[in-house]
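Listed below are the residues making up each chain.
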Amino acid sequence: MLEFRDLYRSFGDVIALDGLSFTVAPGELCGFLGPNGAGKTTAMRCAVGVIQPDGGSITWQDGPIDLRVRRRTGYMPEERGLYPKMRVHEQLVYLGRLHEMATADAAASASHWIDRLGLGDRSDSPVEELSLGNQQRVQLAASLVHDPELLVLDEPFSGLDPIATDVMSDVLLERARAGVAVMFSSHQLDLVEDLCETVAVISKGRLVLGGNVAELKASRGRRLRIEVDGGTAWSQRIGVDAEVVSVDEVGATVLLPPGADAAPVLDIAQQQGRLLDVHLEQPRLSELFRNAVGTTEDTLGDEFQRRSEVR
Amino acid sequence: MSAVRTVMLIAGREVRQRLRSKLFIWTTVLISVLMVGASLIPTIVSVFSIDDEVVDREPLTVAVVGDLDDARTDALEAQLGPVDFDPVADTQAASELLTDPDSSVFLAIIDGREVLVVEETGPFVGPNRGRALSIAEALAVVDLLETAGASEIVEQVLTVEPLPVQVVGADDPEEEFAGILVANIGVVFIFGLLMFYASMIVNGIIEEKGSRVVELLVEAVPVKQLMSGKVLGMGLIAIGQATVMFVPAATVLVVVNRDLIPAGVGRLAVMTVVWFLLGYAFYSLLCAGLGSLVSRPEEAQAVLTPATMLALAGYFIGFASIQAPDATWSVVAGWLPPTAPFVMLVRQAVGDPSLFEVLGSMVLLLLAIVGAALAAARIYEGGILRVGARVKMREAWKSRAL
């Protein structure tokens, strides 16, 4: 298990990580989310040992992230980096060997990933001659070539076309199913929602939402959209259990708390008139995200206000 | 994986990538061929010049009074080469011919028993007096042999091969010349190669930093090993390239033109290599540390200034100490690690340092190399991952991002 525990890190006056804690288990595919500047990259660089935290700890299988662990880790940095003049296969073999692989194993693994990622005909091209999308595939191969047990990928999907996105998704899923702990950051919330079992959302250097995506959605409650013949006046008569989210000319959307029954609300609406349209949906991840990220800002604001009042 | 294997892996990549550059290969081969060509020039020149002598050289004219028999003619030609004879009436006529400013005749033989030579102005014995003396000596030998009844060996005596001459003593002019030669060439050689390969290291570091690949590397490799591998790899390239450039030419010189190599050059050439390697280790480590502070090639020159200044100081003091290799300042500069590779080589070539001074200075330089390695590694750790604007040295020293 990869465990971030109470991680702190500042750069000068800027606090990048402010007590970040969460875990990623082997076999888990975890989407690492947060607005720009939330501290995602800093957290990931800490996880692969490229920078040291000021406080707190990161452990893998209850041990420190030392060189031995780092060599079993696959890393895709935010700023892509490969030797521009080195050939694709040669470069992957070199990186594999730096991660303690025997030359023959590294060569076989490099060939495997080159084929798997559709780079077969570019195997002997210098990286600088590849398109940006293909360079990114090589970058992914570079993080996979040594068959790591932990994958830390900083925005692996940015800049990929839909086909490459599918390939990347497949590979990440396959690795997670093979027992690898995978965490990757992204701003593509819908993609993360489809792909990941778990998410960790951070804001201002701390976790604001984390856990199983389905459970998170369920805990947020469901949306019930109802349109009936005869207007929306019914929406003012629903009980305290449900909350009206929006009302327009033809219908209203109601948020049902977790576990709440939709029937009483439907009954009230039907008293108004004939049902025209009903659907019950779970909240989107993007909604949870906005809510979580927005909440911290509110909380911080409240806290600030409370402190001011104490003075 | 052992640290050694990692360092070798990184060094190996440096070497392979360099060998892949056609420009690098061809430049090296071209220089090697030019050096071999240069080392053959004396041979080529001498081959042609022997022909010239045979074909073009005007025979000297010698005035002769009375008869000159075959033995004495041979004796004369053994000394002067082919000779034209200008018979004159008597000694009086001969001396008039010699002193005539329009005449090119400088020597007269009177009856095979007496030699006249024209007076030359100047403080030293001139070439004509020297020739006259050796001719007089040869004629005397002919006389002696005839008197002793051994005329049949006159020819052998006149063309006898001299015994080999061995020059001994500290003030052997040849060795002194070799010293000055090696001192001059060695200082330029060490400085040039140091600066060249140090800047290659820095370019390599900037390439890794600029392309961000360094972030992938430090994940798997301790930075000290990363830096050591680069310095070692470039060192191997330097040795390999220098071998290809200089060894064929040196071999040709030794085989073909052995006589042209002054005595003592071999030992000093070895010392040049030793001082170069020590200097390389010291300066390349300094440059590796400094180079990690910048991300763009344009900034390399500026950030390397401290190391360049030290090397320049060594270069100039080294040159200056050729004139005063055992002066106090030369001795001091010979001990100081940054200047030692230049100055100590000069002192060994043209001065007289004790073995203690040479070894002591080497030990001091080795300690400085260890110090440079530690300092460079610390700066490197602080600087290598901070891409963007140039990192201040003090910040890199204190921060140690890793």
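Please refer to the structure higher up on the page.
Each chain carries its own residue numbering, running from 1 in the written order of its sequence. Working convention: letters from A go to chains and numbers from 1 go to ligands, in the order in which they are written. The predicted nature of this model means local features are confined to residues of pLDDT at least 70 and side-chain atom pairs, given and counted, to a pLDDT of 80 or more, with totals for whole chains, interfaces and linings taken over all residues. The side-chain figures draw on all heavy atoms in the structure; neither hydrogens nor water molecules are used.

Engineer: In this structure, what is going on with the pattern of salt bridges? I would like to understand it.
Structural biologist: Proximity of charged atoms lets side chains of opposite charge pair with each other. Take a side-chain nitrogen of Lys or Arg and a carboxyl oxygen of Asp or Glu: if they are within 4 Å of each other, that pair is a salt bridge. Under the criterion given, the structure shown has 28 salt bridges over all chains. Note that A:Arg5 is salt-bridged to A:Glu3, the shortest N-O span being 3.1 Å. We classify A:Arg5 as partly exposed; its relative accessible area is 41%. For the salt bridge of A:Glu90 with B:Arg20, the shortest nitrogen-to-oxygen distance reads 2.7 Å. Placement of A:Glu90 in helix H3 (residues 88-98) and of B:Arg20 in helix H1 (residues 3-20) is noted, with the two residues assigned to different chains. Residues joined in a network through salt bridges with shared partners are B:Asp69, B:Arg72, B:Arg113, B:Asp143 and B:Glu146. Accessibility here uses a 1.4 Å probe with only protein chains present; expressed as a share of the type maximum, an area under 20% marks a residue as buried, one over 50% as exposed, and anything in between as partly exposed. To qualify as a helix, a DSSP run of H or I must reach at least 4 residues; to qualify as a strand, a run of E must reach at least 2; elements of each kind are numbered from the N terminus.

Engineer: In this structure, what is going on with the packing of aromatic side chains? I would like to understand it.
Structural biologist: The relative placement of two aromatic rings is captured by the distance of their centres and the angle of their planes. Working definition: rings of Phe, Tyr and Trp (its six-membered ring) pair if their centres are within 6.5 Å, and the pair is stacked with planes under 30 degrees apart, edge-to-face with planes over 60 apart, and tilted otherwise. Applying the stated rule across the entire model yields 14 aromatic pairs over all chains. Considering the side-chain rings of B:Phe191 and B:Phe342, the 6.4 Å spacing of their centres and the 50 degrees angle between planes classify their relative orientation as tilted. With B:Phe191 in helix H7 (residues 173-210) and B:Phe342 in helix H14 (residues 340-350), this pair connects stretches of sequence that are 151 residues apart. Exposure class is identical for B:Phe191 and B:Phe342. Each is buried. On the numbers, 5.0 Å between centres and 75 degrees between planes, the contact of B:Phe196 with B:Tyr197 is edge-to-face. When its relative accessible area of 38% is taken as the criterion, B:Phe196 is described as partly exposed. For B:Tyr197, a relative accessible area of 0% translates into the label buried. An aromatic cluster is defined as three or more aromatic residues linked by ring pairs; in this entry it consists of B:Phe191, B:Tyr315, B:Phe316, B:Phe319 and B:Phe342. In this structure, B:Arg13 is placed above the aromatic ring of A:Tyr83, and the distance from its NZ or CZ to the ring centre is 3.5 Å. Whether a charge sits over a ring comes down to the Lys NZ or Arg CZ being within 6 Å of the ring centre and within 35 degrees of the ring normal.

Engineer: So what exactly am I meant to see when it comes to the sheet that holds strand E8 (residues 181-185) of chain A here?
Structural biologist: Hydrogen bonds along the backbone pair up the strands of a sheet, which may run parallel or antiparallel. Residues and elements named next belong to chain A. DSSP-based pairing: two strands are paired if at least 2 bridges between them are found. Strand order in the open sheet made by the six strands is E6-E7-E8-E3-E9-E10, with mixed pairing throughout. Single-partner strands in this sheet number two, and they are strand E6 (73-76) and strand E10 (206-212). Within the sheet, the average angular offset between the axes of one strand and its neighbour, ignoring direction, is 15 degrees. Across four bridges, strand E3 (residues 29-33) lies against strand E9 (residues 198-203) in parallel orientation. For Phe32, the partnering residue across the bridge sits in E9 and is Ala200. The sheet contacts of helix H8 (residues 213-220) involve E9 and E10, and relative to E10 the element is tilted by about 105 degrees. As a rule, the C-alpha atoms of each element are fitted with a line to give its axis, helices using only the stretch in contact, and angles between N-to-C directions run from 0 to 180 degrees. Any two residues whose heavy atoms approach within 4.5 Å are treated as being in contact.

Engineer: Explain the pairing of E8(A) here, please?
Structural biologist: Successive side chains on a regular strand alternate, one facing one side of the sheet and the next facing the other. All names here are of chain A. Counting buried residues in E8 gives five out of five residues, a clear majority hidden from the surface. Alternating positions in E8 separate into two faces, Ala181, Met183 and Ser185 on one and Val182 and Phe184 on the other, with burial throughout. Across four bridges, the pairing between E3 and E8 is parallel. Across the sheet, Leu29 pairs through a bridge with Val182, a residue of E8. Pairing geometry for strand E7 (residues 150-153) and E8, over four bridges, is parallel. Residue pairing across strands places Leu153 opposite Phe184, the latter belonging to E8. Place the viewer so that the strands point away; then a crossover is right-handed whenever the path from the first strand over the helix to the second strand goes clockwise. Between the parallel pair E7 and E8, the chain is carried across by helix H6 (residues 162-177), and the sense of this crossover is right-handed.

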